[in-house]
Amino acid sequence: MEEIEYRKNGETYKIQKREPIDEVRHVPLWLLIPMVLFMVLGGYLIFASIGTESTGQTEYKVEGDIDYQVYLKENDYYTEKFLESGRQYIAGLISAVRADFNYQLAADENTNAHYEYEIIATAKATEKGDKSKILYEKAETLKRGEVKEITQGTFRIHDNVSIDYAKYNEYLKNFRSEFGISADCLLDLKMIVKVDGAIKTEDVLAMNIPLSTQTVDIMIDADAINREEKVGEANQEIYIKNIQLLVVGAVMLVASIAASGIIIYLHKTRFGNNWYAEALYKIFKNYGTRIVNVSENFYEPENTMRVSEFIELVDAANTENAPILYCEVVPEYKAYFVVAGANAIYRYTLTRAYQDELRRTGQKKEF
């Protein structure tokens, strides 16, 4: 085999010329683009295959309303026995008021709780024009429901009472007359529902019946209790919605990560043990814009100065304001870099023999 010889710093380096062998792996980094796309797709499939749900909380819904009928005394004007809700009524014709209470609590799961309720009528006399200033009140429990356990997370209350309107009206009328005061009189009718246990709540369905007035406008207060709530401490749990989708996504993600790692590794180690090819690549990477490739070997006059470091050649090119000429005199084994100055020629020689010696002896790479 032909032997290639190179001298540097007084030392002679030799290498046997072999048949051209491409020891440099050409692994373009653009191959990472499809790998990244596969990573994103795999991650999306994994994300789509799993879900989260909130546990530890009980959701419940409360609904309630009041309906009523106003029963009339015998009279020459109305043929009906009672009038439906939502009207104005003549106080002198009212015999009784029937109130129908409806309440429901529905939880999304069985819950350990119990409930009770009571219906209370409270006759009140307040400062004229200011209901917050109570002059007198008297409460009476009309009904009391027994304590019951909630079964299957839901319970309903349907109950009613009949109010003797004349009784309460006469009672507060006498109160005003006895003390000679001008006061607003009314009857507060409430159903109070208490729930205790895993769910704790107290709700009130109320209606207001004016007393000692010529006409009666009954007011209902039930909308405030209609709501949806949650009790308990929420915990987020992850569950698998689609196992096949999860497996496909995981395989795509792991495979693309592994392939990306291989591509990066092969790219970084693409020169293998060929320090010559790596040095040539780095020279052109860093100084490619200043290098001119020439096809013929250089004529070396007597004033040629051989530099041992490439950076010295770069300094000479800066000083002489000249390009760096390049010629690979022995493909894959030896290359000249030359700067032609006004009074001197500067040459740097890159050889595989010297680069192999650096590798063999464990010295630091030149580039």
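Preceding block: the structure.
Report on the accompanying structure. (Residues numbered from 1 in each chain as written. Predicted model: local features only at pLDDT ≥ 70, side-chain atom pairs only at ≥ 80, totals over all residues. Heavy atoms only, no water.)

### So, the sheet that holds strand 18 (residues 291–293)
(1) Moving on: Pairing within the open sheet is mixed, and its 5 strands lie in the order 18-20-21-22-19. Looking at the sheet topology across the chains shown, the edges are occupied by strand 18 and strand 19 (304–306). Between one strand and the next, the sheet's axes are offset by a mean angle of 30°, whatever the strand orientation.
(2) Moving on: In the sheet, strand 18 pairs with strand 20 (residues 324–330) via 3 bridges, with the strands oriented parallel. (Pairing = 2+ DSSP bridges. Helix = DSSP H or I, 4+ residues; strand = E, 2+ residues; numbered from the N terminus. Axes fitted to C-alpha atoms, helices over the stretch in contact; angles between N-to-C directions.)

### Concerning the side chain of Lys124
(1) Moving on: Within the element layout of this structure, Lys124 appears in strand 8 (residues 113–127).
(2) Moving on: Reaching out from Lys124, the side chain makes a polar contact with the side chain of Asp188 at a distance of 2.9 Å.
(3) Moving on: Setting aside chain neighbours within four positions, we find Lys124 in contact with Ile134, Tyr136, Glu137, Leu172, Asp184, Cys185, Leu186 and Asp188. (Polar contact = N/O pair within 3.5 Å; in protein donor to acceptor, adjacent residues only side chain to side chain. Contact = heavy atoms within 4.5 Å.)

### A few points about the pattern of salt bridges
(1) Moving on: For the structure shown, the criterion picks out 16 salt bridges.
(2) Moving on: Notably, a salt bridge pairs Lys124 with Asp188, separated by 2.9 Å at the nearest N-O pair. Remark: Asp188 occurs in strand 12 (residues 183–197) and Lys124 occurs in strand 8; sequence separation between them is 64 residues. Asp188 carries the same exposure label as Lys124, and that label is buried.
(3) Moving on: The shortest N-O distance in the salt bridge between Lys167 and Glu140 comes to 3.9 Å. Residue Lys167 is located in helix 2 (residues 165–179), and its partner Glu140 is located in strand 9 (residues 130–144); the two are separated by 27 residues in the primary sequence.
(4) Moving on: On the basis of relative accessibility, which here comes to 43%, the residue Lys167 falls in the partly exposed class. (Salt bridge = Lys/Arg side-chain N within 4 Å of Asp/Glu carboxyl O. Buried < 20%, exposed > 50% of the residue type's maximum accessible area, 1.4 Å probe, protein only.)

### Digging into helix 4 (residues 275–287)
(1) Moving on: With 13 residues, helix 4 should cover 18 Å at 1.5 Å per step; its first-to-last C-alpha distance of 18 Å lies within 8% of that length.
(2) Moving on: Its buried side turned inward, helix 4 meets strand 18, helix 5 (310–320), strand 20, strand 21 (334–340), strand 22 (345–351) and helix 6 (352–360). (Expected span 1.5 Å × (residues − 1).)

### What to know about unusual backbone geometry
Leave glycine aside and you will find that most residues have negative phi; peptide bonds, for their part, are mostly trans.
(1) Moving on: With a phi close to 60°, Gln152 is a non-glycine residue in the positive phi region.
(2) Moving on: The residue Gln152 is located in the loop between strand 10 (148–149) and strand 11 (154–164) in this model.
(3) Moving on: The phi torsion at Glu332 lies on the positive side, around 75°, for a residue other than glycine.
(4) Moving on: Examined against the element boundaries, Glu332 turns out to sit in the loop between strand 20 and strand 21.

### Remarks on a nonpolar patch on the surface
(1) Moving on: A cluster of nonpolar residues, Ile240, Ile243, Val247 and Val251, forms a patch on the protein surface that exposes about 350 Å² of accessible area.
(2) Moving on: Looking at which element gives the most residues to the nonpolar patch, the answer is helix 3 (residues 243–268), with 3 residues.
(3) Moving on: Within the secondary structure layout, Ile240 lies in strand 17 (residues 235–240). (Patch = residues over 30% accessible without salt bridge, like charges linked within 9 Å, V, L, I, M, F, W, Y side chains within 5 Å. Areas by Shrake-Rupley, 256 points an atom, 1.4 Å probe, with all protein chains shown as cover.)

### Quick word on the packing of helix 4 against helix 6
(1) Moving on: The interhelical angle for the contact between helix 4 and helix 6, taken along N-to-C directions, is 110°, at an axis separation of 8 Å. As judged from the angle between their axes, helix 4 and helix 6 are roughly perpendicular. Counted together, Trp275, Tyr276 and Ala279 of helix 4 and Arg352, Gln355, Leu358 and Arg359 of helix 6 form the full contact between these two elements.
(2) Moving on: Residues that form the contact of helix 4 with helix 6 fall into these classes: 4 nonpolar, 1 polar and 2 charged. (Parallel < 35°, antiparallel > 145°, perpendicular 65-115°, else oblique. Nonpolar A, V, L, I, M, F, W, Y, C, P; charged D, E, K, R; others polar.)

### As for the pairing of strand 12
(1) Moving on: Sheet topology note: the strand 8/strand 12 ladder contains 15 bridges and is antiparallel. Bridged to Ala121 within strand 12 is Leu189.
(2) Moving on: One ladder, built from 11 bridges, connects strand 12 with strand 13 (residues 201–211); its direction is antiparallel. Along strand 13, the bridge assignment pairs Leu186 with Pro210.
(3) Moving on: Where strand 12 folds back on strand 13, the antiparallel hairpin that results is connected by 3 residues.

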